[in-house]
There are 2 protein chains.
Amino acid sequence: METAKIRLCVEHPLGEGQTVPLDRDQAHYLFGVMRQVAGAAIALFNGRDGEWQAEVVDAGKRGGILVCRTQSKPQGGPADVWLLFAPIKKARTDFIVEKAAEMGAARILPVQTDFTNAERIRRDRLQAHAVEAAEQCGNTYVPEVADLTKLDRLLADWPEGRRLMFCDEALADTDAAQNGLTGAPRGPWAILIGPEGGFSEAERTRLRSLPFAHSVQLGPRILRADTAAVAALTLWQAALGDWS
Amino acid sequence: METAKIRLCVEHPLGEGQTVPLDRDQAHYLFGVMRQVAGAAIALFNGRDGEWQAEVVDAGKRGGILVCRTQSKPQGGPADVWLLFAPIKKARTDFIVEKAAEMGAARILPVQTDFTNAERIRRDRLQAHAVEAAEQCGNTYVPEVADLTKLDRLLADWPEGRRLMFCDEALADTDAAQNGLTGAPRGPWAILIGPEGGFSEAERTRLRSLPFAHSVQLGPRILRADTAAVAALTLWQAALGDWS
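Below you will find a few notes about this structure. All values reported here derive from a predicted model rather than from experimental measurement.

1. A word on the side chain of A:Glu203
Residues and elements named next belong to chain A.
For step 1, the next point in the chain: By the secondary structure assignment, Glu203 is in helix H5 (residues 201–209).
For step 2, the next point in the chain: Although Glu203 is buried, it makes no salt bridge; Arg204 carries the closest opposite charge, 7.5 Å away.
For step 3, the next point in the chain: At 3.0 Å, the side chain of Glu203 and the backbone nitrogen of Ser200 are in polar contact.
For step 4, the next point in the chain: Aside from chain neighbours lying at most four places away, what touches Glu203 is Thr113, Asp114 and Leu151.

Right, dumping it as structure tokens:
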């Protein structure tokens, strides 16, 4: 059996000799779209049991069965970093979720800020984007996409011990270039990316006064939210996460 | 005159009291799409004279005239970093150009690699994306988008003294996490992002043997080319560029 090129995230337990039934959508994708047949090798992961090389033993139109042969990766845990962002236009929001999964965020939290227009998100659709990105980038886990929450409420209930990297575009264009992660401690973190219209003065004042918040400047230019998400996760992963 | 929210890249010289004629497309954008009228403030830059607050003195359907009042930013130069990337699907290629401009690349060079399918690019369309990104992010310059060139040829004619940050996805998933920029010297650089199918073995062998190339790993996951472009530019700007 050759090494699988296709990776699939499943719910089912994985282990040596374990059979894994496919649902209709998965069967359609694997056998219809990707033209896989019995005997083909597929890599499976479920967020708990690592990555397994599995073989297609039954390929049907409405379902199928795979059998796990050998473990190809141990279960990896994400570095403990959340990404908080204000939903923007649909395509850019999809991108942020995709990028956050690729960059190894553990949780993705859409937040309502004073200047956020979004009243609701399609959580299921965003979660599907996170699954797809995890399949593509070689992850063994999928970050959870949380429901849309008011930033105020999230900050009021902030978990003990979790630090916040607050990407403050009002710091851009100042002489005092700073990277707030220099010397910052490891441990649980979250990254907050501002909405396209920026934070309100009230939000900014509150964020700067929080004892767990670290203001970080993402360079001298104003970045779009999707660019800022990748840049901030890069700085964090390189300084404190699984790139370091 | 209030501070302009709209920024426009023009060809015309800028300076105190300088009149700036608008062409038809610019007039359509400013007065048609953005509904600006005589008296409105617009920020102008041309890549040479910094950013100027200008006032609309004539708003027509086929043209218009602005007058520069005060300089609001001195001319900034980009840090001397090029982005080399292999064109991929249209939307992702557009994104890479947008992101490169936002992240402050000085030049953007689409390259043909062994596994690149693209035979040609729409240079004018990509250049327009770079202009739009520069207008949006507050830059006073626009990176030039070069014509599609074979990577082999570019490396054969490589400019004296320019270093190459080679983002090698074959380094991903190895234990030896490394950041090839630690201790790297300042000066002219280029960043090379691989195509979605990766580099060929021949290309990888050649790239690793080049005396001016520094291999850099972008974390343990396989990044899409547009994600990799932002991540690599973030590492470079933070270590050697205008974020440091």
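Read on for the rest.
2. Concerning the relation of the copies chain A and chain B
For step 1, the next point in the chain: Of the transformation placing chain A onto chain B, the axial shift is 0.0 Å and the rotation is 180 degrees, giving an RMSD of 0.0 Å. Overall, the copies show the geometry of a two-fold rotation axis. Taking the C-alpha atom as reference, chain A places A:Ala231 closest to the rotation axis, 2.9 Å from it.

3. Overview of the interface of chain A and chain B
For step 1, the next point in the chain: With 33 residues of chain A at the interface, the matching set in chain B holds 34 residues.
For step 2, the next point in the chain: Buried surface at the junction of chain A and chain B, summed over both partners, amounts to about 2700 Å²; 55% is from carbon and sulfur atoms.
For step 3, the next point in the chain: Ranking the residues of chain A by area buried against chain B places A:Arg221, A:Arg224 and A:Trp243 at the top, with a combined share of 25%.
For step 4, the next point in the chain: Between B:Arg224 and A:Glu98 there is a salt bridge, with the nearest N and O atoms lying 3.4 Å from each other.
For step 5, the next point in the chain: Among the elements of the structure, helix H2 (90–102), helix H3 (123–137) and helix H6 (225–240) of chain A are those that each provide at least two residues to the side of chain A that touches chain B.
For step 6, the next point in the chain: With 8 residues, H6(A) is the largest single contributor of residues to the side of chain A that touches chain B.
For step 7, the next point in the chain: Across the side of chain A that touches chain B, the residue classes break down as 15 nonpolar, 7 polar and 11 charged.

4. A look at the environment of A:Pro110
Residues and elements named next belong to chain A.
For step 1, the next point in the chain: In this structure, Pro110 sits in strand S7 (residues 107–112).
For step 2, the next point in the chain: The sequence separation of Pro110 and Phe85 amounts to 25 residues, and the corresponding C-alpha distance is 5.2 Å.
For step 3, the next point in the chain: Beyond its immediate stretch of four places on either side in the chain, Pro110 contacts Phe85, Pro87, Ile121, Val145, Ala146, Asp147, Leu148 and Thr149.

Analysis parameters
Residues numbered from 1 in each chain as written. Chains lettered and ligands numbered in written order. Predicted model: local features only at pLDDT ≥ 70, side-chain atom pairs only at ≥ 80, totals over all residues. Heavy atoms only, no water. Helix = DSSP H or I, 4+ residues; strand = E, 2+ residues; numbered from the N terminus. Buried < 20%, exposed > 50% of the residue type's maximum accessible area, 1.4 Å probe, protein only. Lys, Arg positive; Asp, Glu negative; His and termini not counted. Salt bridge = Lys/Arg side-chain N within 4 Å of Asp/Glu carboxyl O. Polar contact = N/O pair within 3.5 Å; in protein donor to acceptor, adjacent residues only side chain to side chain. Contact = heavy atoms within 4.5 Å. Least-squares fit on C-alpha atoms with pLDDT ≥ 70 in both. Buried area = accessible area lost by both parts, 1.4 Å probe. Nonpolar A, V, L, I, M, F, W, Y, C, P; charged D, E, K, R; others polar.

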